[in-house]
Structure formats: structure tokens, C-alpha cells
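Secondary and tertiary structure notes
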Amino acid sequence: MFVAEDLSVLSRPAAAPDQVLAYGDAADQIADVRFGSQRAAELPLLLGPVPI
């Protein structure tokens, strides 16, 4: 069974982050932080590899 993927997520603008943190001096050494909703406390935190 083939399920078509919704690729619109690749072209939609992202919501603005709640906070932006710098972890170095270079302009691209930043992390967008999103605090989430109240429901977020009930969900697991998933982290993936970061390409260098």
C-alpha cells in the first residue's frame, strides 16, 4: 500500500521561535528555541543528529 507524503511542510514558513540562543561567535551558531504549549509537558523530547 502506497501512502503519498505531504511535502508542503518543506515549503511552509516556520513559526517564529520563542527565543534564539547563540552558542558561538559565528553567525550560523544559533539555536531556535520553541517552548511549546502546555500539552508539550506530556510529550517526549526527541533529538536527532545535527549535520556539521
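Residues numbered from 1 in each chain as written. Predicted model: local features only at pLDDT ≥ 70, side-chain atom pairs only at ≥ 80, totals over all residues. Heavy atoms only, no water.

1. Topic: the overall build of the protein chain
The secondary structure content of the protein chain amounts to 0 helices and 2 strands. A globule of 52 residues ought to have a C-alpha radius of gyration of about 10 Å, yet the protein chain, at 15 Å, is considerably larger. Projected onto the principal axes, the alpha-carbon positions of the protein chain cover approximately 50 × 30 × 20 Å. Relative to its 52 residues, the protein chain shows a buried fraction of 0%. For the protein chain, the exposed area adds up to about 5400 Å²; of that, 60% sits on carbon and sulfur atoms. (Helix = DSSP H or I, 4+ residues; strand = E, 2+ residues; numbered from the N terminus. Rg over C-alpha atoms; globule rule 2.2 N^0.38 Å. Buried < 20%, exposed > 50% of the residue type's maximum accessible area, 1.4 Å probe, protein only. Areas by Shrake-Rupley, 256 points an atom, 1.4 Å probe, with all protein chains shown as cover.)

2. Topic: the environment of A16
The topology assignment puts A16 in the segment before β1 (19–22). Here the alpha-carbon distance between A16 and D6, two residues 10 residues apart in the chain, equals 22 Å.

3. Looking at the environment of D25
On the secondary structure map, D25 appears in the loop between β1 and β2 (30–33). Along the chain, D25 and L10 lie 15 residues apart, while their C-alpha atoms are 29 Å from each other.

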